[in-house]
Amino acid sequence: MTLTLRHAVADDLMAVGALHQRSRVAAYSSFLPPEALALPTPEMMGDYWAQRWSYERDDHLMTVAERDGRLVGFSYVGPDELDGVVDPDAAMLRAIHLDPTEQGRGTGRALMRDALRTMRSWGRTRATLWVLADNTHARRFYERGGWAPEGPVRDESFGPVTVRQLRYARPL
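Presented here is a report on the structure given in the accompanying data block. (Residues numbered from 1 in each chain as written. Predicted model: local features only at pLDDT ≥ 70, side-chain atom pairs only at ≥ 80, totals over all residues. Heavy atoms only, no water.)

**Observations concerning the packing of aromatic side chains**
Here's step 1: All told, the structure shown has seven aromatic pairs when counted by the stated rule.
Here's step 2: Each ring, one from Tyr 28 and one from Phe 31, has its centre 5.7 Å from the other, and the planes form 50°; the classification is tilted.
Here's step 3: Accessibility expressed as a relative area gives 23% for Phe 31, which makes it partly exposed.
Here's step 4: Their ring planes at 75° and their centres at 5.2 Å tell us that Tyr 48 and Trp 49 sit as a pair that is edge-to-face.
Here's step 5: The class of Trp 49 is buried, set by a relative accessible area of 1%.
Here's step 6: What links up through ring pairs into an aromatic cluster is the set Tyr 48, Trp 49, Phe 74 and Tyr 76.
Here's step 7: Across from the ring centre of Trp 130, 4.1 Å away, lies the NZ or CZ of Arg 154, which sits over that ring. (Phe/Tyr/Trp six-rings, centres within 6.5 Å; stacked < 30°, edge-to-face > 60°. Buried < 20%, exposed > 50% of the residue type's maximum accessible area, 1.4 Å probe, protein only. Lys NZ or Arg CZ within 6 Å of the ring centre and 35° of its normal.)

As C-alpha cells, then:
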C-alpha cells in the first residue's frame, strides 16, 4: 500500500473536515467527556476548513496524505504568532491529524518530516506548535521528533470544557 503526500486543493476540504473530526474523537476520548467531542460534526469541520483555507492559503500550506487514493491524514503549517506578535524566524505546525486506522504506520512521521521541510524552505529556523496537555500520545510523538515544551500555556474552550494547551518548539 503506497502512501503519497500532496498539497491540498479545495475539493479535499470536506474530506479533511471529516477526517479531522474522526481524529479528534479517537485522540481525545480518553480525557475529554463525550459532550466535548459531539460537536463539531464532520460537515461543520469541513465547512471550517473550507472557510479557513479560503483566507489563509496565501501564507499557509495544507498537505494531505493518501494511501492508495484514500485520504488518511493531513498537516497544516503557517506563520508563528504568539500574543498577536508574528515571529519572522519561526513557523507553526497548526495541525497534524491522522485517520485512527493510520496510527503506527509512519504516516504521522511522513507528514511531520514534510511540514518541517516546508518550514525550512520558508527560511525559518524554528518551529512551534500547541498541543493539549492531556494528550500524552501526541506529546510523546512530538518529543520523539525533537520537540520540547517551551513554557507558554493557554486555556481554550473545547466544547463545554476548558483545556490546557502547551506550546512546544524545536530548531529547524
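Next comes the rest of the write-up.
**Some points on the sheet that holds strand β5 (residues 126-132)**
Here's step 1: With mixed pairing, the seven strands of this open sheet are ordered in space as β1-β2-β3-β4-β5-β7-β6. Only two strands of the sheet have a single partner each, and these edge strands are β1 (3-7) and β6 (148-158). On average, each strand axis in the sheet is inclined to that of its neighbour by 25°, with strand direction left out of account.
Here's step 2: Sitting on the sheet, helix α3 (residues 42-56) touches β2 (61-67), β3 (70-82) and β4 (85-98), and the angle it makes with β3 is about 50°.
Here's step 3: Across the sheet, helix α5 (residues 136-144) lies against β4, β5, β6 and β7 (161-171), angled at about 165° from β5, the strand it touches most. (Pairing = 2+ DSSP bridges. Helix = DSSP H or I, 4+ residues; strand = E, 2+ residues; numbered from the N terminus. Axes fitted to C-alpha atoms, helices over the stretch in contact; angles between N-to-C directions. Contact = heavy atoms within 4.5 Å.)

**So, the layout of surface pockets**
Here's step 1: Computed from the structure, the second largest pocket encloses a volume of approximately 150 Å³.
Here's step 2: What lines the second largest pocket is Arg 109, Met 112, Arg 113, Leu 116, Arg 120, Phe 141, Tyr 142, Arg 144, Gly 145, Trp 147 and Arg 170.
Here's step 3: Every element with two or more residues in the lining of the second largest pocket is listed here: α4 (107-121) and α5.
Here's step 4: Examining the composition of the lining of the second largest pocket, we find that five residues originate from one element, α4, more than from any other.
Here's step 5: Each residue belonging to the lining of the second largest pocket can be placed in one class, and the counts come to five nonpolar, one polar and five charged. (1 Å grid on protein atoms, 1.4 Å probe; cavity = no way out; pocket = protein on both sides within 12 Å on 5 of 7 lines; lining within 4 Å. Points joined across faces, edges and corners; volume = space filled by probe spheres on them. Nonpolar A, V, L, I, M, F, W, Y, C, P; charged D, E, K, R; others polar.)

**Describing the nonpolar core**
Here's step 1: Core analysis: the largest hydrophobic core is formed by 22 residues, its most contacted members being Leu 93, Met 119, Tyr 142 and Trp 147.
Here's step 2: When residues of this core are traced back to their parent elements, those giving at least two are β2, β3, β4, α4, β5, α5 and β7.
Here's step 3: No other element matches α4, which puts five residues into this core.
Here's step 4: For Trp 147, the contacting residues outside a window of four places in its chain are Leu 93, Met 112, Leu 116, Ala 127, Thr 128, Leu 129, Tyr 142, Tyr 168, Ala 169 and Arg 170.
Here's step 5: Core analysis: the second largest hydrophobic core is formed by 13 residues, Val 16, Trp 49, Trp 53 and Leu 71 among them. (Core = buried A, V, L, I, M, F, W, Y, C linked by side-chain atoms within 4.5 Å.)

**As for the pattern of salt bridges**
Here's step 1: One pass over the full model with this rule turns up 14 salt bridges.
Here's step 2: A salt bridge links Glu 66 to Arg 6; the shortest N-O distance between them is 3.0 Å. Highlighted residues: Glu 66 in strand β2 and Arg 6 in strand β1, separated in sequence by 60 residues.
Here's step 3: A residue is classified by how much of its surface remains accessible, and Glu 66, at 17% relative accessible area, is buried.
Here's step 4: Its salt-bridge partner being Asp 114, residue Arg 117 comes within 3.8 Å of it at the nearest N-O pair. Note that Arg 117 and Asp 114 are positioned in helix α4 at a spacing of three residues, about one turn of the helix.
Here's step 5: Under the relative-accessibility criterion, Asp 114 is labelled buried at 15%.
Here's step 6: Connected via shared salt-bridge partners are Asp 80, Asp 87, Arg 126, Glu 150 and Arg 167. (Salt bridge = Lys/Arg side-chain N within 4 Å of Asp/Glu carboxyl O.)

These figures capture arrangement, not role.
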